[in-house]
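# A look at the structure
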Amino acid sequence: MEHADTLYLQIAEHIAHPIRSGTLARGERIPSVRELARQQGVSLSTVVQAYRTLEDARLIEARPRSGYFVASRGPRPPEPEPSRPPADSQPVDVSSLGAQVMQLATDPRFISFGAACPSGELFAQDRVRRAVSRAAQRHRATLCQYPIGPGNEQLRRAIARYAMGLGCQLDARELLVTNGCLEAISLCLRAVTQPGDVVALESPSYFGFLEILESMHLRALEIPTHPRTGLSLDALQLAFDTQPVKAVLAVPTLSNPIGASMPLAERKRLAQMVAERGIPLIEDVLYNDLAEQDDRRRAVKAFDTTGHVMICGSFSKTVAPGIRLGWVEAGRWGAQVRRLKAVHSGGHTELLELAMADLLTQAGSESAYRQLRATIAARVDEARGLIAESFPRGTRVTDPAGGYILWVELPPGSDSLALFHACLAEKIVFAPGTMFSATDRYRRCLRLGVGGRWDTAQRAALRRIGELARAMLA
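Summary of the structure given here. (Residues numbered from 1 in each chain as written. Predicted model: local features only at pLDDT ≥ 70, side-chain atom pairs only at ≥ 80, totals over all residues. Heavy atoms only, no water.)

## With respect to the pairing of strand 1 (residues 60-63)
Our working definition: For two strands to be treated as a pair, DSSP must find at least two bridges joining them. Each helix is a run of DSSP H or I of at least 4 residues and each strand a run of E of at least 2, with the numbering of both proceeding from the N terminus.
With four bridges connecting them, strand 1 and strand 2 (residues 67-70) associate as antiparallel partners. Bridging from a neighbouring strand, Ala-62 pairs with Tyr-68 of strand 2. Counting the residues that bridge the hairpin from strand 1 to strand 2 gives three residues, and of these Arg-65 lies at a positive phi of roughly 60°.

## Topic: the packing of aromatic side chains
How two aromatic rings sit relative to each other is given by the distance of their centres and the angle of their planes. The following threshold applies: Aromatic rings from Phe, Tyr and Trp, with only the six-membered ring used for Trp, were paired whenever their centres fell within 6.5 Å, and each pair was classed as stacked if the ring planes differed by under 30 degrees, edge-to-face if by over 60, and tilted otherwise. Relative accessibility under 20% of the residue-type maximum defines a buried residue, over 50% an exposed one, and the middle range a partly exposed one, all with a 1.4 Å probe and only protein chains included.
Scanning all chains against the criterion turns up eight aromatic pairs. An angle of 65° between the planes, with centres 4.7 Å apart, marks the rings of Tyr-51 and Tyr-68 as edge-to-face. You can see Tyr-51 sitting in helix 3 (residues 44-56) and its partner Tyr-68 sitting in strand 2, a full 17 residues away along the chain. Classification of Tyr-51 by relative accessible area gives buried; the value is 1%.

## A closer look at the sheet that holds strand 17 (residues 445-449)
The antiparallel open sheet is built from four strands, whose spatial order is 13-14-17-16. A strand with exactly one partner marks an edge of an open sheet, and here the two such strands are strand 13 (396-397) and strand 16 (431-432). Strand direction decides the pairing type here: strand 14 (residues 405-409) and strand 17, joined by five bridges, are antiparallel. Considered in strand 17, the bridge of Leu-406 is made with Leu-448.

## Some thoughts on the pairing of strand 10 (residues 281-284)
Here strand 10 shows two buried faces, one formed by Leu-281 and Glu-283 and the other by Ile-282 and Asp-284. Across three bridges, the pairing between strand 9 (residues 245-250) and strand 10 is parallel. By the bridge assignment for strand 10, Leu-249 is matched with Ile-282. Pairing of strand 10 with strand 11 (residues 309-314), which is carried by four bridges, proceeds in the parallel orientation. Following the sheet pairing, Glu-283 is matched in strand 11 by Ile-311.

## What about the side chain of Ser-89?
Note the cut-off: What makes two residues a contact is simply this: any of their non-hydrogen atoms within 4.5 Å.
Topologically, Ser-89 is positioned in the loop between strand 2 and strand 3 (90-91). Setting aside residues no more than four positions away along its own chain, Ser-89 makes contact with Val-198, Arg-219, Ala-220, Leu-221 and Gln-243.

## Quick look at the nonpolar core
As a rule of thumb, soluble globular proteins bury nonpolar side chains together. Quick note on the threshold: Among the buried residues, those of types Ala, Val, Leu, Ile, Met, Phe, Trp, Tyr and Cys that are joined through side-chain atoms within 4.5 Å form a nonpolar core.
Core analysis: the largest hydrophobic core is formed by 83 residues, its most contacted members being Phe-113, Ile-185, Leu-189, Phe-430, Leu-448, Leu-462 and Ile-465. No other element matches helix 7 (residues 180-192), which puts seven residues into this core. With sequence-adjacent residues up to four places away left out, Leu-189 is seen in contact with Val-199, Ile-212, Leu-213, Met-216, Leu-218, Leu-249 and Ile-282. Counting 32 residues, the second largest nonpolar core, distinct from the first, contains Ala-131, Leu-155, Ala-160 and Ala-163.

Below you can see the structure in the form of structure tokens.
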């Protein structure tokens, strides 16, 4: 019999595949827990765990005294095709568009889908406030002490315990606390590259990564990426064989902006590939806790036996967006990263580190993650339905297994930059696709973040983007 940790995932996929393919229609009844346990020869608890996973993914729903049914979902537009970036590396020249989008994302006059940031309403604000208050009461002396070193020991131990949920056995002494995940990534890149070096990354890729590459005078080698399974490892292997790749920067779970999540076997293969070539992999695990499936939360670092994976994370998307603390375990480059951190930004407010340690070690964290995942899954599903109803015929949109970002590909002839300016005139903002590549390949794409406020005005604004897109295409 298969290992219990993976058996329930196989049972879940046994039901999920015919739902996603349309073989099982919306509203159709699926076997009861006892029926499926008997059919598959597994325990009732295994089926319960599988059905819970499917419920979190909003693929099935339980109806009182009736059983389980395929969840009712709106029209499902097709997903985009895998990306086809150029084969050669490119110098990065990111315009001020990203800065404009992020500035407008916080402007109360605008309805924004531009930022990949969650709103405070998604989190237990009182829980965060109490943790900060406790830290201030118990450790107020730290406010008058100059912070030096890799970060508060309690927080580093808490992060090491948290990382066990990612499948990683990290030594708290090797962890370094940073000013968010982006600083962790920047430090890693500084440790392993020189100006002019080639960095391989997903295509499309988070514009913040491209801005970092530009600031360090690094070249971006964009690797073809599938909207569901992520970075093409065959294409990456070809890049290793033909290009002077000095580092890989990847988001294996819920990559930004397309929300792809790499299968478990591919994660293991990626760890082996970088070890064989001696190439550092900088892994961003910022969104792992938002993944609907347990196996998609397992980090590539879990398979790292040689120290070639540099893992970077933060809790700004899942616990407390206002506490801007990240972390990194840089493997064989740990000493270099610690020196760079000391030179460039030093320590942090220890009181906030203690508050975060408190939050990470409280009981009920997994329950809070489940509630967050369920809330944003319902929102993303509704947003996909609105896109299907309102956007031009032929529009494609991703169907991510978690997170609150959608990547939309408009029909040929569309121009998301022109649409962006038309929407600005109506006080609506989104992120045009050109922000997410060193090339101009995603001009008819856009990223929509639905993690912010979600109300009648937001829904109307999303429909209005589609109406304007239709009008411009006509």
